Amino acid sequence: MHSFALPLIPTEEGGLLIPAEQVTALLRGVAADWATAVERDSPEADVDADIQTVLAMTEALTHLADQIDAECIACASRPEPGY
């Protein structure tokens, strides 16, 4: 199991932000842990787990992380107004 330290960045409005790279790392880490847990050779494998469901959830988490990365790249690639 992975341990993640998520830095929180306070906003002037009193909210908290988490860096996107930390969120995507968390999503991918959870997906990797799930994939490892359902492997047949894994001592952590839970025989009650539906492997197809776990793999679908793993794929969904990875896809979400990819979407966040793509949105961040698109946002960072936009030219600033006035240029």
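Residues numbered from 1 in each chain as written. Predicted model: local features only at pLDDT ≥ 70, side-chain atom pairs only at ≥ 80, totals over all residues. Heavy atoms only, no water.

1. Quick notes on the pattern of salt bridges
Just so we agree on the cut-off: A side-chain nitrogen of Lys or Arg and a carboxyl oxygen of Asp or Glu constitute a salt bridge if their distance falls within 4 Å. Starting at the N terminus, helices and strands are each numbered in turn, a helix being any DSSP run of H or I of at least four residues and a strand any DSSP run of E of at least two. Partly exposed describes any residue whose relative accessible area lies between the buried limit of under 20% and the exposed limit of over 50%, with all areas from a 1.4 Å probe on protein chains only and scaled to the type maximum.
For the structure on display, the rule yields two salt bridges. Across the salt bridge formed by R28 and D66, the nearest N and O atoms sit 2.5 Å from each other. Here R28 is found in helix α1 (residues 20-38), whereas its partner D66 is found in helix α2 (residues 51-77), with 38 residues between them in sequence. Residue classification places D66 among the partly exposed positions, given a relative accessible area of 39%. The closest approach of N and O atoms between R28 and D69, which form a salt bridge, is 3.0 Å. With a gap of 41 residues between them, R28 in helix α1 and D69 in helix α2 connect regions that are remote in the sequence. Taking the relative accessible area as the measure of exposure, R28 reaches 30% and is therefore partly exposed. The exposure class of D69 is partly exposed, given its relative accessible area of 28%.

2. A short note on the side chain of T24
The cut-off we apply is this: Should any heavy atoms of two residues lie within 4.5 Å, those residues are considered in contact.
Mapped onto the fold, T24 is located in helix α1. We classify T24 as buried; its relative accessible area is 4%. Apart from the residues within four sequence positions on either side, T24 is in contact with A65, I68 and D69.

3. Remarks on the side chain of T58
With respect to the element layout, T58 can be found in helix α2. With sequence-adjacent residues up to four places away left out, T58 is seen in contact with A31, W34 and A35.

4. Quick look at α1
In an α-helix, one turn spans 3.6 residues, which is why side chains three or four residues apart end up on the same side. In plain terms, the rule: To estimate how far a helix should reach, multiply one less than its number of residues by 1.5 Å.
For α1, with 19 residues, the first-to-last C-alpha span of 27 Å sits near the 27 Å given by 1.5 Å per residue. Along α1, the positions that sit buried rather than exposed are T24, L27, G29, A31 and V38. Where α1 is buried, its residues touch α2.

5. Examining a nonpolar patch on the surface
We apply this condition: Two distance rules govern patches: like charges are joined within 9 Å, and nonpolar side chains (Val, Leu, Ile, Met, Phe, Trp, Tyr) within 5 Å, applied only to residues with over 30% relative accessible area and no salt bridge. Residue exposure ignores everything except the shown protein chains as possible cover, and the areas themselves are Shrake-Rupley values with a 1.4 Å probe.
On the surface, L6, L8, L16 and I18 cluster together to form a nonpolar patch covering roughly 350 Å² of accessible area. Its location among the elements puts I18 in the loop between β2 (16-17) and α1.

6. Let's talk about the environment of L61
Structurally, L61 is set in helix α2. On the basis of relative accessible area, L61 is assigned to the buried category, the value being 17%. Here the alpha-carbon distance between L61 and G29, two residues 32 residues apart in the chain, equals 9.4 Å. Setting aside chain neighbours within four positions, we find L61 in contact with L27, V30, A31 and W34.

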